[in-house]
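What the coordinates show
Below, each chain spelled out in residue letters.
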Amino acid sequence: MSAADTTTPAKVPPPRQAPPPPADDLPRVKRPSGGAAVPWLLLAPCLLILALVMGYPLARLVTLSFQKFGQSQLWGFQPAGSVGFDNFAKVLGDGEFWAVVVRTIVFAAGAVVFTMVIGMALALLLQRVSGWLKMLINIVLVASWGMPVIVATTVFKWLFDSDYGVFNALLSKLPGVDMVGHNWFASGPEGLAVIMLLVIWGAVPFVVITLSAGLTQVPKELEEAARLDGAGSWGVFRYVTLPVLKPIIVMLTTLSVIWDMGVFPQVFVMRNGHPEPEFQVLNTYSYDRAFVVNDYAQGSAIALITVLLLLGVVAVYMRQMLKIGEVE
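Residues numbered from 1 in each chain as written. Predicted model: local features only at pLDDT ≥ 70, side-chain atom pairs only at ≥ 80, totals over all residues. Heavy atoms only, no water.

1. A few points about the overall build of the chain
Keep this limit in mind: Helix and strand assignments come from DSSP, with helices taken as H or I runs of at least 4 residues and strands as E runs of at least 2, each series counted from the N terminus. Buried means the residue's accessible area, taken with a 1.4 Å probe over protein chains only, is under 20% of the maximum for its type, while exposed means over 50%, and partly exposed covers the values in between. Here, residues are in contact when the closest pair of their heavy atoms is within 4.5 Å.
Looking only at helices and strands, one finds 14 helices and zero strands in the chain. Walking the chain from its N terminus toward its C terminus, one meets helices and strands in the order α-α-α-α-α-α-α-α-α-α-α-α-α-α. Counting over 328 residues, the chain shows a buried share of 32%. Looking at the chain alone, contacts between residues at least 24 apart form 64% of all its contacts between residues at least 6 apart.

In structure tokens form, the structure reads like this:
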């Protein structure tokens, strides 16, 4: 072995890198002029359509709520005079109105809670079934979701009919149960429970499909790590799945509250166009005041109060979404 083979080669120092040029010398990327206006230009057609479709009816609703407007004003026999806040004072001072408000809130709260619980349970179960069965269930969900409200209401009227209802016949087959001829709409609570079931049946498919899409975004690594740390199924769901799905759950809950507080065709058709006082919710109560009692001003005032209540729900939703955005 020669000396050249045993000699350790000298280390060559790395070449020095030139310092970065000052920020003023860097080439600046030219931003396209008018970039801030592009989103507004793209949104302009949608905003214009919304203004045309909803702007005038909403402005007319506000105007009517501050006027005296009945059949005489409708046919032009008398002018529509301004009455200030008298319509709102009469509505807010009416005990029947507050009973309707409480009934609507209880109805919407029950429908939203059951919709979200059933929808979450079905979405979780769909993650555990085979592919073909999952596809079949999704097809059934989409078909039921796409069924027109009037058709679904008619089907439920037949299911719960006192004489020919399938539901009464099935319950009567249970030991010690006799529901033959039972009228579910003889009392308000039972009738509203049937209508609530109809609303839940129509809302669950959308919740299931949306939550199923959200569950695909839950990292499997986090679930496996939670199980390795000793968390059970409930622990994984509470500390891993729910935080990931929180924005979707907040959105679905808000939309469900808005939809369920605005229920109209289910109640109206189920009661053959004449809801009894114990079946009245805010939308049907406003309709009756406007088109049955022919007091369009009070009907408009009730509708405007309903809009303000729903805007409060939207405000809560926006606040929750802003909090989620700050955390992220």
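2. Examining the pattern of salt bridges
To keep it simple, the criterion reads: Salt bridge, as used here, is a side-chain nitrogen of Lys or Arg placed within 4 Å of a carboxyl oxygen of Asp or Glu.
A full pass over the atoms with the stated rule returns two salt bridges. Here Asp-94 ties to Arg-289 by a salt bridge, and the two come within 3.7 Å at their closest N and O atoms. In this pair, Asp-94 sits in the loop between helix H4 (86-92) and helix H5 (95-126) while Arg-289 sits in helix H13 (residues 282-292), placing the two residues 195 residues apart along the sequence. Linking Glu-276 and Arg-271 is a salt bridge whose minimum nitrogen-to-oxygen distance equals 2.8 Å. Taking the relative accessible area as the measure of exposure, Arg-271 reaches 14% and is therefore buried.

3. Digging into the nonpolar core
To keep things clear, this is the line we draw: What makes a nonpolar core is a set of buried Ala, Val, Leu, Ile, Met, Phe, Trp, Tyr and Cys residues whose side-chain atoms join them at distances within 4.5 Å.
Within the largest apolar cluster, 33 residues are counted, with the highest numbers of intra-cluster contacts made by Phe-97, Leu-211 and Leu-282. Sorting the residues of this core by element identifies H4, H5, helix H9 (188-215), helix H11 (233-261), H13 and helix H14 (296-327) as the ones contributing at least two each.

4. Topic: the packing of H5 against H13
Rules: Throughout, an axis means a line fitted to C-alpha atoms (over the contacting stretch in the case of helices), and angles, computed between N-to-C directions, take values from 0 to 180 degrees. Note on residue classes: Ala, Val, Leu, Ile, Met, Phe, Trp, Tyr, Cys and Pro are nonpolar, Asp, Glu, Lys and Arg are charged, and everything else, Gly too, is polar.
Where H5 contacts H13, the axes come no closer than 9 Å and their chain directions differ by 150°. In this structure, H5 contributes Glu-96, Phe-97, Val-100, Val-101 and Thr-104 to the contact, and H13 contributes Leu-282, Tyr-285 and Arg-289. Classifying every residue of the contact of H5 with H13 by side-chain character gives five nonpolar, one polar and two charged.

5. Quick look at the confidence of the model for the chain
Keep this limit in mind: Each residue carries a pLDDT score, the predictor's confidence in it, ranging from 0 to 100.
Averaged over all residues, the pLDDT of the chain is 85; the fraction at 70 or higher stands at 88%. Per-residue pLDDT, averaged within each element of the chain, yields its smallest value for helix H1 (residues 3-6) (48) and its largest for H5 (94).

6. Here we look at the environment of Thr-306
Positionally, Thr-306 belongs in helix H14. Among the residues examined, Thr-306 registers a relative accessible area of 4% and is labelled buried. A sequence separation of 20 residues divides Thr-306 from Ser-286, and the C-alpha atoms of the two residues are 9.2 Å apart. Not counting residues up to four positions away in its chain, the partners in contact with Thr-306 are Leu-282 and Asn-283.

7. Here's the deal with a nonpolar patch on the surface
Here is the rule: Only residues above 30% relative accessible area that lack a salt bridge enter a patch, with like-charged residues linked at up to 9 Å and the nonpolar side chains Val, Leu, Ile, Met, Phe, Trp and Tyr linked at up to 5 Å. Using a 1.4 Å probe, the Shrake-Rupley method yields the accessible areas, and only the shown protein chains count as cover for residues.
Taken together, the side chains of Trp-40, Leu-43, Leu-47, Leu-48, Ile-49, Leu-50, Leu-52, Val-53 and Met-54 define a hydrophobic patch exposed on the protein surface, amounting to about 980 Å² of accessible area. Looking at the secondary structure, you find Leu-43 in helix H2 (residues 38-65). Residue classification places Leu-43 among the partly exposed positions, given a relative accessible area of 43%.

8. Quick look at H5
How we decide: Helix span, as expected, comes to 1.5 Å for every residue beyond the first. N or O atoms closer than or at 3.5 Å make up a polar contact, with two conditions inside protein: a donor-capable atom paired with an acceptor-capable one, and, for residues adjacent in sequence, both atoms drawn from side chains.
Spanning 32 residues, H5 covers 46 Å between terminal C-alpha atoms, matching the ideal 46 Å at 1.5 Å per step. Between the side-chain oxygen of the N-cap and the backbone nitrogen of Glu-96 there are 3.1 Å, and the N-cap of H5 in question is Asp-94.

9. Brief notes about unusual backbone geometry
For residues that are not glycine, phi is negative in most cases, and the peptide bond is trans in most cases. Residue Asn-272 is not a glycine yet carries a positive backbone phi of 60°. By the element assignment, Asn-272 lies in the loop between helix H12 (265-270) and H13. Overall, Asn-272 belongs to the exposed group, its relative accessible area being 54%. Positive phi, close to 65°, is recorded for Asn-294, a residue that is not glycine. For Asn-294, the position within the fold is in the loop between H13 and H14. Looking at Asn-294, the relative accessible area reads 23%, which means it is partly exposed.

10. A look at the packing of aromatic side chains
Operational definition: Note on aromatic contacts: the rings of Phe and Tyr and the six-membered ring of Trp form a pair at centre separations within 6.5 Å, being stacked when their planes are under 30 degrees apart, edge-to-face when over 60 apart, and tilted otherwise.
For the structure shown, the criterion picks out 20 aromatic pairs. When the ring of Phe-97 is compared with that of Trp-98, the centres are 5.3 Å apart and the planes differ by 70°; the resulting orientation is edge-to-face. The class for Phe-97 is buried, based on a relative accessible area of 2%. The class for Trp-98 is partly exposed, based on a relative accessible area of 43%. Arranged with centres 5.2 Å apart and planes meeting at 40°, the rings of Trp-145 and Phe-206 form a pair that is tilted. Of this pair, Trp-145 sits in helix H6 (residues 131-145) while Phe-206 sits in helix H9, and the two are 61 residues apart along the sequence. Its relative accessible area of 42% is what places Trp-145 among the partly exposed residues. Aromatic rings pair up to connect Phe-69, Phe-264, Phe-268, Tyr-287, Phe-291 and Tyr-296 into one cluster.

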